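Understanding the architecture of this molecule
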Amino acid sequence: MKRWLPKDFWTRNETLVAGVIVLFCIIATLSDPRFLTITTVSDLLRAAIVIGILAVGAMLVLVSGGIDVSFTAIAVFAMYTSTVLSLAIWPDMPWPLIFVIAVCLGALLGAINGFFIAFLKLPTLIVTLGTLSVFRGFLLTFIGSQRISDLPPAMRDFSRGVLARGTTEAGNFYSIPWAALALLFVIVLTWFILHKTMLGRSIYAIGGSVESARRVGVNVKWTQFFVYVYVGALAGLAGIIHGSVGRMADPFSLVGLELSVIAAVVLGGARLIGGYGTLTGTLLGVALIVIVQNSLIVVGIPTTWQSVTIGLLILLGTGVPAYRAKQEAARAG
Amino acid sequence: MSSERDAAFIDLRAITKRYAGVTALQDVDFTVQPGEAVCLAGENGSGKSTLIKIISGVEPATEGTIRIAGQEHAVLNPRISAAAGVMVIFQDFSLFPNLSVAENIAFATQLSTRERFFKPAATRQIARKALDRIGVEIDLDARVETLPVAQKQLVAICRALASEAQLIIMDEPTTALTEKEVRRLQGIIRMLKEEGVAVIFVSHKLAEVLDVSEKVVVLRNGKKVAEGPASEFNTQSLTYHMTGRDVPDVTPRTRRADAETLMHVNGLSKAGSFEDINFELKSGEVMGITGLLGCGRTSVAKALFGLVAPDRGTITLAGQTVPTGDPQAASRARIGYVPEDRLTEGLFLSQSILRNVAIGRLDAHTSGGFLNMNGLLAEATEWLQRLKVKAPDVQAPVQSLSGGNQQRVALARWLSRAPRVLILNGPSVGVDVGSKADIHDIIRDLASQGIGIILISDDLPELLATCHRILVMRDGRITDTLEGGTVTEEELAHRLAS
């Protein structure tokens, strides 16, 4: 008895966000016919890779009923440390190995979050606010605070690798980097975990009701611990991609981005109370945030209006469904 | 006798449970046969929850032996108990609001088989089988949060069945159900019993489960005070055993015939909630508003106190118009509202009892911007005494009190403000039988002092015991007005459900 469209299709955040994106593209194309070209799309895709990977992680945490604000600190820590390590011991280290180191570092830092949250049962926001500061401070104090533009050659090789490249008829250059595959990989892996394993279903269950999950026999501690380790690993991956593609290991970058990422996830329908969130919604949220950050200028809105626009979108995107839900509840009472 | 015990699914002998010097259960024998429904009755603190915790393995017994399905368990934990087929359905159902019906039903089963991968088809099959067993049709893909309470309960029952329950323990199964839903639940229980599944009802709303039960066990102060076939008990005798005293069956006191009209509600409407609500309330009158869950009774109550802004209509109190949609204006006009869910809407749970009463009177004890703390607290203390709130220490947080006493604190807060009209929404929800009778006494007392009382409730005996007049609502409209004292419970139930 599958429906063509899900019953709640028109009231979902995903639909709303997709609608806004389409509307934006129509207006942008009307004001500048060159907007909807492969060049713009490939630019936007490149900009979306790092935010996208981080957002998938942030979504997982929200689904489990927590919130993580430390993932940008983990990302920059993993990126900078693995770069420094590679330069110090083996400058010609192949890039997959550098990536593995970054991912493992991320997972390790995530495990620290996980330990405090799952085993000591401390509130997630408090823990990650603390570790955000600690990770970042530790990085700048003990590992280094210099920007490194002389990256290991293998990282530069990675950033040159492209899946497709070319020049449009109008003479504009476009390319889709290897890193896009990383995002795709993260999406597929996370989708598999969330929808095809009992671990993933347990994450949704915990987000829905921790007490109920405990009562039906979900191993709440280890499930939560996994979430933070996994998010840490994703942050490590996002960090090293950010460094490679940007061709610079900057210990001051990324931190500060966490709220935009969480905003993208919330726009996509994940709820802060836990239990709700989809990959589709998250990716649409990321797309919208990236478009606003990069293309607002095309429709004639000055870039200084960026954060105002993002803020309004969040208010609208979360306010409209919340208002509707409240009306429903009032009717039911 | 011994052969009956050998066949028992649950056989507890001489169970005693002590918590740090307090004896919660003393020397209790308790048996449940396969396919038997047992009513476990008792007031709050009688030890019934402790007994359930021991059967489900959450708490160990201090003394005594436990046999489940003929096997003695020296050590029992929730997993062993569940594996033996003991399933508890908590009052909150312990479901996942964000997951589908199918997943909610199948989750525990799939976890217990140590399945690593999630298989939607198998999930649906498990759920379908459980639903078919009780002959119920619920959309497998619907999110549980979108279901009405009665269906959530059915999902919880199906989850227990999917986990091959031999004994289902239901905590307060009927509190949130309408008469019609209770009848359906009764049908399902009968069906389960035929299949050999045993049921324990833990409840203090008993009349409804009495006809599907074989046996009644009553606990009081940790001891078994009565046990016998359900046919030998009725509401009155149960109440007697639970409280240890006779709670008289009462009717509302006669009101004064010359009482003047206090409140006048005219054409109150709100789209989607209620439509054209008209009534007059006389001073000293207790007026009930009842109807099924979702009929709009709570919205009307909130609108009368300004918590819900109506689209149209007027409220006048003693000739003065009360602005609608403004709780502060309603409060100034001396309308009081005690909400249904006192835990989340009515009380500051972690604050002291005294402060909870005093909060409503801050204005009256303020002069020149400063608070006269002594006067404030003296007044609050007096009200607590007048309402007989049983508290060892008025500085203790409200959450340390029993349900009945919490409700009295909520009442005391309003009474200290000398209200003219008091709106009580479900005043005895979650309150034990003894306290309930006391609350009804308080309501009758207040009315005889000339306060107009609007009582919103779906507890029919409560309405009949206190109300002079009962308005019945359906789909947001008042469909019937019944005179208290003349209408019977059956008649009222019929008007509600038809």
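Numbering of residues starts from 1 in each chain and follows the order in which that chain's sequence is written. The lettering of chains begins at A and the numbering of ligands begins at 1, in the order of writing. Local features are withheld for residues below a pLDDT of 70 in this predicted model, meaning they are given only at 70 or higher, and side-chain atom pairs are given and counted only at 80 or more; totals for whole chains, interfaces and linings count all residues. Neither water nor hydrogens contribute to the side-chain values; these are computed over all heavy atoms in the structure.

For the purposes of this entry, the term helix denotes a DSSP run of H or I that reaches at least four residues, the term strand denotes a run of E that reaches at least two, and both are numbered from the N terminus. Secondary structure assignment for chain B yields 18 helices and 22 strands. For 498 residues, the compact-globule formula gives about 23 Å, and the C-alpha radius of gyration of chain B, at 25 Å, lands near that figure. Overall, the C-alpha framework of chain B stretches about 70 × 50 × 45 Å when taken along its three principal axes. Only protein chains enter the area calculation, which uses a 1.4 Å probe; residues under 20% of their type maximum are buried, those over 50% are exposed, and those in between are partly exposed. By residue count, 53% of the 498 residues in chain B fall in the buried class. We call two residues contacting when some pair of their heavy atoms lies within 4.5 Å. Residue pairs in contact within chain B that sit at least 24 positions apart in sequence constitute 66% of those at least 6 positions apart. With residues, only the protein chains shown are counted as cover, and all accessible areas are computed by Shrake-Rupley using a 1.4 Å probe. Surface exposure of chain B reaches about 21,900 Å², of which carbon and sulfur atoms provide 48%. Counting rule for charge: Lys and Arg are taken as positive, Asp and Glu as negative, and neither His nor the chain ends is counted. Each charge is placed at NZ for Lys, CZ for Arg, CG for Asp and CD for Glu. Within chain B, one finds 55 positive and 60 negative side-chain charges whose respective centroids are separated by 4 Å. Only C-alpha atoms enter the radius of gyration; for comparison, a globular chain is expected to reach 2.2 Å times N to the power 0.38, where N is the number of residues.

Moving on: the sheet that holds strand β5 (residues 71–72) of chain B. All names here are of chain B. With respect to topology, four strands assemble into an open sheet ordered β2-β1-β4-β5, the strand pairing being antiparallel. The open sheet has two free edges, formed respectively by β2 (22–32) and β5, since each of these has just one partner strand. The criterion for strand pairing is that DSSP finds at least two bridges linking the strands in question. Summarising the sheet, strand β4 (residues 63–68) and β5 pair through two bridges and their orientation is antiparallel. Residue I68 lies in a different strand from β5, and its bridge partner there is Q71. With respect to the sheet, helix α2 (residues 48–55) is in contact with β1 (10–19), β2 and β4, its orientation differing from that of β1 by roughly 120 degrees. An axis is simply a line fitted to the C-alpha atoms; with a helix, the fit covers only the stretch in contact. Between two such axes, the angle follows the N-to-C directions and lies from 0 to 180 degrees.

Residues and elements named next belong to chain B. Pairing is antiparallel in the open sheet, where four strands are placed in the order β12-β11-β14-β15. Either end of the sheet is taken by a strand with one partner, and the two such strands are β12 (274–282) and β15 (320–322). Across the sheet, the mean angle separating the axes of adjacent strands is 20 degrees when strand polarity is ignored. Looking at chain direction, strand β14 (residues 312–317) and β15 are connected through three bridges and run antiparallel. The residue of β15 that forms the bridge with L317 is Q320. Lying over the sheet, helix α10 (residues 297–304) contacts β11 (261–270), β12 and β14, oriented at roughly 60 degrees with respect to β12.

Moving on: the nonpolar core. Joining through side-chain atoms within 4.5 Å is the link that ties buried Ala, Val, Leu, Ile, Met, Phe, Trp, Tyr and Cys residues into a set, and such a set is a nonpolar core. Core analysis: the largest hydrophobic core is formed by 101 residues, its most contacted members being I53(A), L54(A), F71(A), V218(A), I241(A) and F107(B). Here this core takes 15 residues from helix α2 (residues 38–63) of chain A, the largest share from any one element. For F71(A), the residues in contact, after removing those within four places along its chain, are L54(A), A58(A), V231(A), A235(A), E258(A), V261(A) and I262(A).

Along the chain, the position of T488(B) falls in the loop between β22 (477–483) and α18 (489–497). Its relative accessible area of 42% is what places T488(B) among the partly exposed residues.

Across the contact, 28 residues belong to chain A and 28 residues belong to chain B. Defined in terms of a 1.4 Å probe, buried area is the accessible area two parts forfeit on being brought together, summed over both. Of the roughly 2,100 Å² buried at the junction of chain A and chain B (both faces included), carbon and sulfur atoms supply 57%. One side-chain nitrogen of Lys or Arg within 4 Å of one carboxyl oxygen of Asp or Glu is enough to make a salt bridge. Counting every contact that joins chain A to chain B gives two salt bridges. Residues R215(A) and D92(B) are paired through a salt bridge, measuring 3.4 Å at the closest nitrogen-oxygen approach. Where the side of chain A that touches chain B is concerned, the elements lending two or more residues are α7 (179–196), α8 (198–208), α9 (210–216) and α13 (306–332) of chain A. The greatest single-element share of the side of chain A that touches chain B, amounting to eight residues, is contributed by α8(A). Each residue gets one label: Ala, Val, Leu, Ile, Met, Phe, Trp, Tyr, Cys and Pro are nonpolar, Asp, Glu, Lys and Arg are charged, and the others, such as Gly, are polar. By residue class, the composition of the side of chain A that touches chain B is eleven nonpolar, ten polar and seven charged.

Bringing the domain arrangement of chain B into the picture now. Residue ranges labeled as domains rest on an automatic or database domain assignment. According to the domain assignment, chain B contains domain 1 (2–243) and domain 2 (261–497). Taking only C-alpha atoms into account, the centre of domain 1 of chain B sits 34 Å from that of domain 2 of chain B.

Below, the discussion takes up the environment of A37(B). All names here are of chain B. Tracing the backbone through its elements, the reader meets A37 in strand β3 (residues 37–41). When the C-alpha atoms of A37 and L463 are compared, they prove to be 29 Å apart, with 426 residues separating the residues in sequence. Beyond its immediate stretch of four places on either side in the chain, A37 contacts K193, V199, F201, V212, S213, E214 and K215.

All names here are of chain A. Applying the stated criterion to the full structure yields 26 salt bridges over all chains. Close ionic contact of R160 with D157 constitutes a salt bridge, the shortest N to O distance being 3.6 Å. Of the two residues, R160 and D157 are both situated in helix α6 (residues 153–160); the distance of three residues between them amounts to about one turn of the helix. When its relative accessible area of 46% is taken as the criterion, R160 is described as partly exposed. Relative accessible area serves as the criterion here: at 42%, D157 is assigned to the partly exposed category.

This brings us to unusual backbone geometry. Unusually for a residue other than glycine, A14(B) sits at a positive phi of about 50 degrees. Looking at the secondary structure, you find A14(B) in strand β1.

A few words on the packing of aromatic side chains. Centre distance within 6.5 Å is the pairing criterion for rings of Phe, Tyr and Trp, where only the six-membered ring of Trp is used; planes under 30 degrees apart are then read as stacked, over 60 as edge-to-face, and the remainder as tilted. On inspection of all chains with the given rule, the structure shows 17 aromatic pairs over all chains. Considering the side-chain rings of F119(A) and W222(A), the 5.3 Å spacing of their centres and the 75 degrees angle between planes classify their relative orientation as edge-to-face. With F119(A) in helix α4 (residues 95–119) and W222(A) in helix α10 (residues 220–246), this residue pair connects regions lying 103 residues apart in the sequence. For F119(A), a relative accessible area of 28% puts it in the partly exposed group. Taken together, the aromatic side chains of F115(A), F116(A), F119(A), W222(A) and F225(A) make up a single cluster linked through ring pairs. The criterion for a charge sitting over a ring is simple: Lys NZ or Arg CZ within 6 Å of the ring centre, and within 35 degrees of the ring normal. R215(A) extends its terminal NZ or CZ atom over the ring of F90(B), reaching a point 3.6 Å from the ring centre. For the cation-ring pair, K215(B) lies above F30(B), with the distance from its terminal atom to the ring centre recorded as 6.0 Å.

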